[in-house]
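The primary structure of each chain is shown beneath.
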Amino acid sequence: MSQKKELHCDCGAPFTSEGVCTVCGKKRPRSAGYRVWHSFWCVIATLILLLCINTTAAMRHALRTNAPVTGLHDSRLSDMKIPFTGKTLAAYIKSGFVADENVLETDIASAVDEMDIPVYLSGKLGAYYQLLRGESDAVVTVTEDEIVGMLDMNRTALLNQCMLIIEDADIAELRNTVSGPLGFLSSTAETAYGSPAGRMLAHFRVSVARIVLDVLLLGLLLWRWSIVYRNSGRPAARAVRSMGITIGVPACITFLLVLITGVGSLFVSDSVTGIHPLTKAIRAPYWAISATELLAAAAMVGAAYLIAHQTARAAAKPAEASAPERVSVPRPAAEPPVRTLRARGTADSPAPGKPCISCGRELKAEAKFCIYCGANQDADAVPEPDVQPEKAPRIDLSKTTELPHIDS
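About the criteria used
Residues numbered from 1 in each chain as written. Predicted model: local features only at pLDDT ≥ 70, side-chain atom pairs only at ≥ 80, totals over all residues. Heavy atoms only, no water. Disulfide = S-S within 2.5 Å. Buried < 20%, exposed > 50% of the residue type's maximum accessible area, 1.4 Å probe, protein only. Salt bridge = Lys/Arg side-chain N within 4 Å of Asp/Glu carboxyl O. Helix = DSSP H or I, 4+ residues; strand = E, 2+ residues; numbered from the N terminus. Contact = heavy atoms within 4.5 Å. pLDDT = per-residue confidence, 0-100. Phe/Tyr/Trp six-rings, centres within 6.5 Å; stacked < 30°, edge-to-face > 60°. Axes fitted to C-alpha atoms, helices over the stretch in contact; angles between N-to-C directions. Parallel < 35°, antiparallel > 145°, perpendicular 65-115°, else oblique. Left-handed = near helix turned anticlockwise from the far one by under 90°. Nonpolar A, V, L, I, M, F, W, Y, C, P; charged D, E, K, R; others polar.

## What to know about the state of the cysteines
Between two cysteines, a covalent bond joining their sulfur atoms is known as a disulfide. With the rule as written, the count across this model stands at 0 disulfides. For the unlinked cysteine Cys370, the closest cysteine sulfur is that of Cys356, found at 3.5 Å. When its relative accessible area of 5% is taken as the criterion, Cys370 is described as buried.

If you want it as structure tokens, here you go:
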């Protein structure tokens, strides 16, 4: 189920019709279906690259040690267990193709071993390894004449030991049966290794450069996977964790298979050979391969956890370094407070009216008379006295004994 498309960016601005924020330019997160679909193909590509790396590493080990050739040469088909039957090859042939009770399982085992099929196959595998190492240019093929010739040479042994009669019709039927598949394999080998360019590509497929190229492709795939997660609004660390899990699961399965088969081979009887020498040689390089991939997967999952943890811590801290510098703006000067009008005007506050010319009290500007003393406020109407009023005479009390009589 895909998530609903968001109409607004984290910054609060709307998205355009192309899914781009109109303010910060961020793209709108993609849906969950987009993330699941692309992650599915990233998983498939990771598994393919992982298979190529494992195959190249195992093949280089085989070319260096030649262990599969030796293991195949030392194998014995008669006591090899047939898968899903629980029977050896000799027991399977006796129960399905031999009706004579006098023919024993040991007789059939001897006849099968006398055909030397493991020796024949080990020779073909050795020639193929020489081609990959550049020691030979001969294309390795398997023809129906070689298969029919092996059966024709052992007609007598099969008749004497297993009472199996091989007729000419059986030979012709076998030739017709194997001619198609073997012809296809032979033509494919001629196409892949029958030219200098084909052999050069074959040498590159088992070289160290091939492993380096696959690892680089894994890195590019991880980068693409991270973009998918970021486009869907998820942290890129989850892509690292997803690739680590994708690598770790098959590596764990491979390690368990190698461990189980390795421990199981320790309980095989010494009298039983089967193809255990071959499986041991094939199993040998995968111990190191699976262990290395498990360590790489654990490192990727751990790195993803650390990245997510550090990202969460960084988001929790205040972004002091990224905060813009605060610009100090000078505050405007405070206006002087408005003073209230007092009863008498003072020199520091403007008078709304005029003082009385007589008593000095505050009057209105248009007042003609003082409301307190009644003086006329017209300066021209008040005559200025020219003569100072006479002072009353002082009486000297020391020269008289009687006080002057003052009329009331």
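## Remarks on the pattern of salt bridges
This model, assessed by the stated rule, comprises 6 salt bridges. A salt bridge links Glu146 to Lys124; its shortest N-O distance comes to 3.3 Å. Linking Glu146 in helix α6 (residues 144–153) with Lys124 in helix α5 (residues 117–133), this pair joins segments that are 22 residues apart in sequence. The exposure class of Glu146 is partly exposed, given its relative accessible area of 28%. A salt bridge links Arg199 to Asp137, with the shortest nitrogen-to-oxygen separation between them at 3.5 Å. Remark: Asp137 occurs in the loop between α5 and α6 and Arg199 occurs in helix α9 (residues 196–205); sequence separation between them is 62 residues. What makes Arg199 buried here is its relative accessible area of 14%.

## Things to note about helix α3 (residues 89–97)
Those residues of α3 lying buried are Leu89, Ala90, Ala91 and Ile93. On its buried side, α3 packs onto α4 (105–114).

## A few points about the environment of Ala296
Residue position: Ala296 is located in helix α12 (residues 276–316). Ala296 gets classed as partly exposed once you look at its relative accessible area, which sits at 35%. Residues Ala296 and Ala251 lie 45 residues apart in sequence; the distance between their C-alpha atoms is 9.9 Å.

## Quick look at the confidence of the model for the protein chain
On average, the protein chain scores 80 in pLDDT, and the residues at 70 or more come to 76%. Below pLDDT 50 for its whole length, residues 337–349 participates in 7 contacts with residues either more than four positions away or in separate chains. Scored below 50 in pLDDT, residues 382–389 shows 2 contacts in the model against residues more than four places distant or in partner chains.

## A word on the packing of aromatic side chains
All told, the structure shown has 6 aromatic pairs when counted by the stated rule. Pairing Trp37 with Phe40 gives two aromatic rings, centres 6.5 Å apart and planes at 25 degrees, and the pair type is stacked. Of this pair, Trp37 and Phe40 both sit in helix α1 (residues 32–65), 3 residues apart, which is roughly one turn of the helix. Judged by its relative accessible area of 52%, Trp37 is exposed. By relative accessible area, Phe40 is classed as partly exposed at 43%. Ring geometry for Tyr128 versus Tyr129: centroids 6.5 Å apart, planes at 40 degrees, classification tilted.

## A short note on the packing of helix α10 (residues 208–231) against helix α11 (residues 237–265)
Contact geometry for α10 and α11: axes closest at 8 Å, N-to-C directions at 130 degrees. As far as their axial angle goes, α11 and α10 are oblique. Judged by the sense of rotation from one axis to the other, the crossing of α10 with α11 is right-handed. Note on element contacts: α11 touches α10 through Arg238, Ala239, Val240, Ser242, Met243 and Thr246, opposite Leu218, Leu221, Leu222, Trp225, Ser226 and Tyr229. Of the residues contributing to the contact of α10 with α11, the split by class is 8 nonpolar, 3 polar and 1 charged.

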